[in-house]
Amino acid sequence: MGTIIAIIILFGAIQGFAVCVYLYHKKKENVRAFHFYFLFLFSLAFFNFLYALKYIDIDAIGFIPLAAFPFPYKYLIGTGFYLYIIHQIPTEKKSAINYLLFLPAFCYGILRAYWYFVLHSGKDKDIFWNVYQSGFFTYNEYVYLFLNLLLVGWAIRFLKKNKSRLRGTNITRKNWEWLLKFSYAFLVFTGLHLVLAVIVHAVGDAYNGIVYSILLMLNSVYIYWVGFESLVKLRFLFNRHTLKEEGRDKNEFSDPLARNLAHYMNGEEIFVNKNLKMAEVAALVNSTEKELSQYIYETFGVSFSTYINELRVQKVKTLLQAEEQKKFTLLAIAENAGFNSKSSFNAVFKKVTGLTPTQYKEAHCS
């Protein structure tokens, strides 16, 4: 394999590790989801790391030999991804059966550890060649890839099933849509791996190295994309989503509080009042502050202030698209939407959209 390709593969692995370290030090709302995301990305990067070192003839790190290293990373990629997705709703009870998904990785890890010991203790230098000759590794490749396809299929089904029950604003739903897109990307990635595995099986050993180089390059491209998405869409990664109770929200606006709140927020747009207080809103919708706060949290999954700020951000985005507003500055538009200072506007807008107001305007309103 060419040195350039080996370096690209190695840098893909290094980026995966670097993103793991970067995310580890970031403040996260949903730590459990992060743990499984870390497992997914670390295992994916480790895949490339081992092969990249092999291709540039590095056989050991210090006193640790790398040949046949027993970390069962292939079985942890899909498992980490699936558990990351389902832990987006941390309040939902998780079946203990989910943790049986680690069983294939555990069993394969034990098997690899045995082979690793036998190989490097000198008891049987040909053990991996003999296992390879038996066809075990070929069929193992199919097993882990089909398992990953099954897991990402379950993840997509989970996201689709709960989409209609999701509590929150448009920002929350946008977050859910991104998770779905992220899952479909992993589905395509795994499908391409399976196609390459079939090709290797079909053409035999003669082209094994070439096809595996393509696979590792594909891994690198995917890791670069995951790393980019992790940095740019960090606000989407580790949130705590909540679901509406079954049956309660089938006719949401039959609830007087919901109907009144929708009227004053979506119709009257009272949120453009810079000094709007919860007490004023509660009085308008014939509720107490406690009831209003609880309703907003249970329905939208956010606090009252966050709810109001997200509405203001949506208003700014709407105004930016209006032709008659183009003569106004960003600050003037922000004030018209209810923000009372430039600093709070910039901070809230960046938190909600991931972009500064100027970046958003350049990307969407030019």
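The residue count restarts for each chain, going from 1 along the sequence in the order it is written. Residues qualify for local features only when their pLDDT is at least 70, as the model is predicted, and side-chain atom pairs are given and counted only at 80 or more; totals for whole chains, interfaces and linings, by contrast, use all residues. Excluded from the side-chain calculations are hydrogens and water; all other atoms, namely the structure's heavy atoms, are used.

We now examine the overall build of the chain. A helix here means a DSSP run of H or I that spans at least four residues, while a strand means a run of E at least two residues long, and both kinds are numbered starting from the N terminus. When you go through the chain residue by residue, the secondary structure sums to 16 helices and two strands. With respect to the three principal axes, the spread of C-alpha positions in the chain is 80 × 45 × 40 Å. The buried label applies to any residue whose accessible area, calculated with a 1.4 Å probe on protein chains only, is under 20% of its type's maximum; exposed applies above 50%, and partly exposed to all values in between. For the chain, the proportion of its 366 residues judged to be buried stands at 48%. Contacts between residues were defined by any pair of non-hydrogen atoms, one from each residue, lying within 4.5 Å. Once local pairs closer than 6 in sequence are excluded, the contacts in the chain between residues at least 24 apart make up 74%. Summing over all exposed atoms, the chain offers an accessible surface of approximately 18900 Å²; the carbon and sulfur share of this is 62%. One finds the centroid of the 39 positive side-chain charges in the chain at a distance of 2 Å from the centroid of its 26 negative side-chain charges. Working definition of accessibility: Shrake-Rupley area with a 1.4 Å probe, residue cover restricted to the visible protein chains. All tallies of charge rest on Lys and Arg as positive and Asp and Glu as negative; His and the ends of each chain are not included. Charged side chains are reduced to one point each, which is NZ for Lys, CZ for Arg, CG for Asp and CD for Glu.

Right, let's get into the packing of helix α13 (residues 304–321) against helix α15 (residues 342–353). Comment: axis = line fitted to C-alpha atoms, over the contacting stretch for helices; angle = value between 0 and 180 degrees taken between N-to-C directions. Running from amino to carboxyl end, α13 crosses α15 at an angle of 90°, the nearest separation of the two axes being 10 Å. The angle between the axes of α13 and α15 places the two elements in the roughly perpendicular class. Counting all contacts with α13, which are made through Asn309, Glu310, Val313, Val316 and Lys317, the residues of α15 involved are Phe345, Val348, Phe349, Val352 and Thr353. Put simply, Ala, Val, Leu, Ile, Met, Phe, Trp, Tyr, Cys and Pro go in the nonpolar bin, Asp, Glu, Lys and Arg in the charged bin, and everything else, Gly too, in the polar bin. For the contact of α13 with α15, the class distribution of residues is six nonpolar, two polar and two charged. Here roughly perpendicular refers to angles of 65 to 115 degrees, roughly parallel to angles under 35, roughly antiparallel to angles over 145, and oblique to all remaining angles.

With that out of the way, let us pick up the nonpolar core. Of all hydrophobic cores here, the largest spans 79 residues; its most connected members are Tyr37, Phe40, Phe47 and Tyr84. Residue contributions to this core peak at 15 residues, all from helix α2 (residues 31–55). Excluding residues within four positions of it along the chain, Phe47 makes contact with Tyr73, Lys74, Ile77, Tyr144, His193, Tyr212, Leu215, Leu216 and Asn219. Joining through side-chain atoms within 4.5 Å is the link that ties buried Ala, Val, Leu, Ile, Met, Phe, Trp, Tyr and Cys residues into a set, and such a set is a nonpolar core. Ala258, Ile296, Phe300 and Ile308 belong to the second largest nonpolar core, which has 19 residues in total.

Another aspect to go through is the packing of aromatic side chains. The criterion for an aromatic pair is that two Phe, Tyr or Trp rings (for Trp, the six-membered ring) have centres within 6.5 Å, with stacked assigned to planes under 30 degrees apart, edge-to-face to planes over 60 apart and tilted to the rest. Within the structure shown, the criterion is met by 49 aromatic pairs. With a centroid separation of 5.8 Å and 80° between ring planes, the pair formed by Trp115 and Phe137 is classed as edge-to-face. A residue pair is termed long-range when its members are at least 10 positions apart, and Trp115 in helix α4 (residues 103–120) and Phe137 in helix α6 (residues 136–163) qualify at 22 residues.

A separate point is helix α12 (residues 289–300). Counted at 1.5 Å a residue, the expected span for α12 with its 12 residues is 16 Å, and the 16 Å between its end C-alpha atoms agrees. Restricting attention to buried positions, one finds in α12 the residues Leu292, Tyr295, Ile296, Thr299 and Phe300. Within α12, the buried residues cover an arc of 95° as seen down the axis, which keeps them to one side. Where α12 ends, the next residue or the one after it, Gly301, has phi of about 75°, a positive value. For a helix, the expected span equals 1.5 Å multiplied by the number of residues minus one. By construction, the arc corresponds to the directions joining the helix axis to the C-beta atoms.

Structurally, Leu330 is set in helix α14 (residues 330–336). On the basis of relative accessibility, which here comes to 18%, the residue Leu330 falls in the buried class. When the C-alpha atoms of Leu330 and Leu320 are compared, they prove to be 8.3 Å apart, with 10 residues separating the residues in sequence. When residues no more than four places from it in sequence are discounted, the contact partners of Leu330 are Leu320, Phe345, Pro357, Thr358 and Lys361.

Within this analysis, patches are made of residues with over 30% relative accessible area and no salt bridge. Like charges are joined at 9 Å or less; nonpolar side chains (Val, Leu, Ile, Met, Phe, Trp, Tyr) at 5 Å or less. Any Lys or Arg side-chain nitrogen found within 4 Å of a carboxyl oxygen on Asp or Glu counts as a salt bridge. A cluster of nonpolar side chains, Tyr22, Phe228, Leu231 and Val232, forms an exposed patch at the surface whose accessible area comes to about 370 Å². Topologically, Tyr22 is positioned in helix α1 (residues 3–24). Since its relative accessible area comes to 36%, Tyr22 is described here as partly exposed.

Per-residue confidence from the prediction method is given by pLDDT, with values spanning 0 to 100. Across the chain, the average pLDDT comes to 86, with 93% of residues at 70 or higher. Every residue in residues 248–253 scores below 50 in pLDDT, and together they form 10 contacts with partners more than four places removed in sequence or on other chains.

Moving on to the environment of Phe117. Within the secondary structure, Phe117 is located in helix α4. Spatially, the C-alpha atoms of Phe117 and Glu291 are 63 Å apart, while their sequence positions differ by 174 residues.

Here we come to the packing of helix α10 (residues 256–267) against α12. The axes of two packed helices give the description: the angle between them and the distance between them. As a packed pair, α10 and α12 sit with axes 11 Å apart at the nearest point and diverge in direction by 85°. One element, α10, and the other, α12, form an angle in the roughly perpendicular class. Contacts between α10 and α12 involve Leu257, Ala258 and Leu261 from the first element and Glu291, Leu292, Tyr295, Ile296 and Phe300 from the second. For the contact of α10 with α12, the per-class residue count stands at seven nonpolar, no polar and one charged.

With respect to the helices, strands and loops of the structure, Leu151 is situated in helix α6. A relative accessible area of 0% places Leu151 in the buried class. Sequence-wise, Leu151 and Phe38 are 113 residues apart; in three dimensions their C-alpha atoms are separated by 17 Å. Apart from the residues within four sequence positions on either side, Leu151 is in contact with Gly78, Thr79, Tyr82 and Leu101.

Attention shifts here to the pattern of salt bridges. A pair can form between side chains of opposite charge whenever their charged atoms are brought close. Across all of its chains, the model carries five salt bridges by this definition. Among the salt bridges present, the one from Lys233 reaches Glu229, with a minimum N-O distance of 3.8 Å. Relative accessible area serves as the criterion here: at 18%, Lys233 is assigned to the buried category. Connected through shared salt-bridge partners, Lys181, Glu229 and Lys233 make up one network.

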